[in-house]
Amino acid sequence: KRVIRKHRSRLSKIMGTKKETPTQKMPRLTSEVGRFTAELDGKLTAEMADLALVETDFTANNLNKSLGKFAVIRSPKSTQVLNELVGANVRGDGTLSRHVHGLGSSELKRIQTTVKTGIREGWDNKTMTANVMRTTRLTESQASALVRTSITRTQSVAQVATLKENAELLSGVRFTAVLDNRTSMICAHHDGQVYPIDDTRYQPPLHWRCRSTLVPV
């Protein structure tokens with residue numbers, strides 16, 4: 001949210017400049033969207049990497065508490081986990097970085113369309129600014145969905161990597177959905193089902209904003 005707030009503030013400042021025409025502002029608006037995209041990409045990638053390492057330790061510690069008396073619990077190499085953090089894991093989608101840059105590209109197109117419309121219809125600076133800022137609401141919503149999905153993806157990847165290292169001690173993983181009025185039909189369907197550890201078809205997230213988890217059995 002801090003990155004989004006900073007971005008909105010900088011866009012508002014650019015749009016509020018009355019000495020430039022909307023067309024003259026476009027290079028600075030484009031530059032700001034690029035800066036925002038790079039900052040979000042770097043911050044999100046770094047935070048997911050940190051989360052992956054924390055989740056790996058958490059999973060290994062839990063296994064050690066349950067099974068440490070009977071076996072030596074192994075943890076995956078950190079590089080192995082980090083190399084798997086390629087994206088949100090929603091079927092057919094690309095890398096985390098690609099999602100972030102796609103978000104920025106979409107916002108820039110909305111801003112460009114808004115500015116062209118404003119010039120054509122003769123909006124004053126106040127109206128133009130308000131409408132440009134309105135385009136960032138979708139960006140904020142998309143960024144929120146990306147963060148939520150990436151957290152689920154990161155936790156899943158780290159957990160499964162650790163479980164695979166100790167697969168001989170386990171029967172599989174139980175898919176566990178958060179059951180409330182926001183639960184998706186697909187997650188409700190899989191809730192409680194036990195799958196092989198290496199069956200990635202049912203590894204959360206199964207959709208955007210997925211909150212489901214896996215429990216070793």
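Residue indices begin from 1 for each chain and proceed along its sequence in written order. Totals for whole chains, interfaces and linings use every residue, but because this is a predicted model, local features are given only for residues with pLDDT of at least 70 and side-chain atom pairs only at 80 or more, for both listing and counting. Hydrogens and waters are ignored; side-chain quantities use all the structure's heavy atoms.

> Please give an account of the pattern of salt bridges that cites residues and values.
Any Lys or Arg side-chain nitrogen found within 4 Å of a carboxyl oxygen on Asp or Glu counts as a salt bridge. Counted by the stated rule, this structure contains ten salt bridges. Glutamate 47 is the partner of lysine 43 in a salt bridge, and the nearest nitrogen-oxygen pair spans 3.3 Å. Residue lysine 43 and its partner glutamate 47 are both found in helix α2 (residues 22–67); the two are separated by four residues, about one turn of the helix. A simple rule labels every residue: compare its accessible area, found with a 1.4 Å probe on the protein chains alone, to the largest value its type can have, and call it buried under 20%, exposed over 50%, or partly exposed in between. Residue lysine 43 is classed as partly exposed on the basis of its relative accessible area of 34%. Residue glutamate 47 is classed as partly exposed on the basis of its relative accessible area, which comes to 40%. Across the pair arginine 201 and aspartate 199 runs a salt bridge, and its minimum N-O distance is 2.9 Å. Relative accessible area serves as the criterion here: at 16%, aspartate 199 is assigned to the buried category. One salt-bridge network, held together by shared partners, links Arg2, Lys6, Arg10, Glu32, Arg35 and Glu39. Only DSSP runs of H or I reaching four residues or more are called helices, and only runs of E reaching two or more are called strands; each is numbered from the N terminus.

> Give a detailed account of the sheet that holds strand β1 (residues 173–176), specifying residues and quantitative values.
Within the open sheet, the three strands sit side by side as β2-β1-β3. Their pairing is antiparallel. Strands with a single pairing partner mark the edges of an open sheet, and in this sheet they are β2 (194–195) and β3 (213–216). A pair of strands is treated as paired once DSSP finds two or more bridges between them. Strand direction decides the pairing type here: β1 and β2, joined by two bridges, are antiparallel. When the sheet's bridge partners are listed, arginine 174 is paired in β2 with valine 194. Should any heavy atoms of two residues lie within 4.5 Å, those residues are counted as being in contact. Here an axis means a line fitted to C-alpha atoms, over the contact stretch when the element is a helix, while the angle between two N-to-C directions is reported on a 0 to 180 degree scale. Helix α6 (residues 136–165) rests against β1 and β3 of the sheet, and its axis sits at about 20° to β3.

> Kindly report on the layout of surface pockets, identifying the contributing residues and their values.
Volume-wise, the largest pocket comes out at about 310 Å³. Contributing to the lining of the largest pocket are 14 residues, with Lys1, Ile4, Leu40, Ala143 and Val147 lying nearest its centre. Contributions of two or more residues to the lining of the largest pocket are made by α1 (2–15), α2 and α6. A breakdown of the residues in the lining of the largest pocket according to their chemical character gives eight nonpolar, one polar and five charged. With a 1 Å grid spanning the protein atoms alone, the term cavity applies to any set of points in which a 1.4 Å probe fits but cannot get out, the term pocket to an open set with protein on both sides within 12 Å along at least five of seven lines, and the term lining residue to any residue with an atom within 4 Å of a point. Grid points are joined across faces, edges and corners, and a volume is the space filled by probe spheres set on the points. In this model, the second largest pocket occupies a volume close to 260 Å³. Around the second largest pocket, the lining is made up of 17 residues, and of these Phe58, Thr59, Gln159, Leu214 and Pro216 lie nearest the centre. Polar here means any residue outside two lists: the nonpolar Ala, Val, Leu, Ile, Met, Phe, Trp, Tyr, Cys and Pro, and the charged Asp, Glu, Lys and Arg; Gly therefore counts as polar.

> Residue-level account of the environment of aspartate 198, with values.
Take aspartate 198: it is sitting in the loop between β2 and β3. C-alpha of aspartate 198 to C-alpha of threonine 152: the two residues are 46 residues apart in sequence and 17 Å apart in space.

> Provide a residue-level description of α2, including the pertinent values.
Residue count minus one, scaled by 1.5 Å, sets the expected span of a helix. Across its 46 residues, α2 extends 65 Å between first and last C-alpha, which sits within 8% of the 68 Å expected from 1.5 Å per residue. Along α2, the sharpest change in direction is near 25° and occurs at arginine 28. Bend, in this description, refers to the angle at a residue between axes fitted to the seven residues ending there and the seven starting there.

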